[in-house]
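Listed below, chain by chain, are the residues.
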Amino acid sequence: MSIRLDSFSRRKLRVRNKVKANNKSLHPRIVVFRSNKNFYAQLVDSHNGNIITSYSSLKAKDLIKKDHKGIDIAAIVGENFAKLCVESKVTSVVFDKAAYLYSGRVKCFADSCRSNGLKF
């Protein structure tokens, strides 16, 4: 158990350092969190750390059907989150995936955001 937590925390620190190093132009960053049941995304301002907008699968309950799986839910969340970001006049962002691997739900979310107007 401790080996998994150590590798998870090391990966999280490594990704966070890369995000901070690449964030010289101070674009807002997208922070994702995934649990076993839900998917969450926040747009965080780089200057002061305030949350600009957020969206989750809990807010999209009316769009999610019972036969949708995790990847489908992440795509719905990504599409609606990107629309909220564009309404907030934010199109260029930095993607902070934390310690999650860039596959599955995280990749589907990112692809959905890109196809709906966000650039990262």
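Preceding block: the structure.
Residues numbered from 1 in each chain as written. Predicted model: local features only at pLDDT ≥ 70, side-chain atom pairs only at ≥ 80, totals over all residues. Heavy atoms only, no water.

Visitor: Before we move on, can you summarise the packing of aromatic side chains with the specific residues and values?
Guide: With the rule as written, the count across this model stands at eight aromatic pairs. Summarising the aromatic geometry, the rings of Phe 39 and Phe 109 are spaced 5.1 Å apart at their centres and angled 45° between planes, so their arrangement reads as tilted. On the criterion of sequence distance, the pair formed by Phe 39 in strand β2 (residues 39-44) and Phe 109 in helix α3 (residues 105-115) is long-range, its members being 70 residues apart. (Phe/Tyr/Trp six-rings, centres within 6.5 Å; stacked < 30°, edge-to-face > 60°. Helix = DSSP H or I, 4+ residues; strand = E, 2+ residues; numbered from the N terminus.)

Visitor: Give me the lowdown on the sheet that holds β2, citing residues and values where you can.
Guide: Pairing is mixed across the open sheet formed by four strands, whose spatial order is β3-β2-β1-β4. Edge strands, defined here as strands with exactly one partner in the open sheet, are β3 (51-56) and β4 (94-96). For this sheet the average axis-to-axis angle between neighbouring strands, irrespective of direction, equals 20°. One ladder, built from three bridges, connects strand β1 (residues 29-34) with β4; its direction is parallel. Opposite Ile 30, over in β4, you have Phe 95 as the bridge partner. Sheet strands in contact with helix α2 (residues 70-87) are β1, β2 and β3, and its direction is about 155° off that of β3. (Pairing = 2+ DSSP bridges. Axes fitted to C-alpha atoms, helices over the stretch in contact; angles between N-to-C directions. Contact = heavy atoms within 4.5 Å.)

Visitor: Provide a residue-level description of the pairing of β2, including the pertinent values.
Guide: Two strands pair when backbone bridges link them, and β1 and β2 are joined in this way by six bridges, in the antiparallel orientation. Bridging across to β2, Val 32 finds its partner in Ala 41. Between β1 and β2, which pair antiparallel one after the other, the connecting turn spans four residues. Summarising the sheet, β2 and β3 pair through five bridges and their orientation is antiparallel. Note on β3: the bridge partner recorded for Gln 42 is Ser 54. Hairpin connection from β2 to β3: six residues lie between these consecutive antiparallel strands, with Gly 49 at a positive phi of about 80°.

Interpretation in functional terms is not warranted from these geometric data alone.
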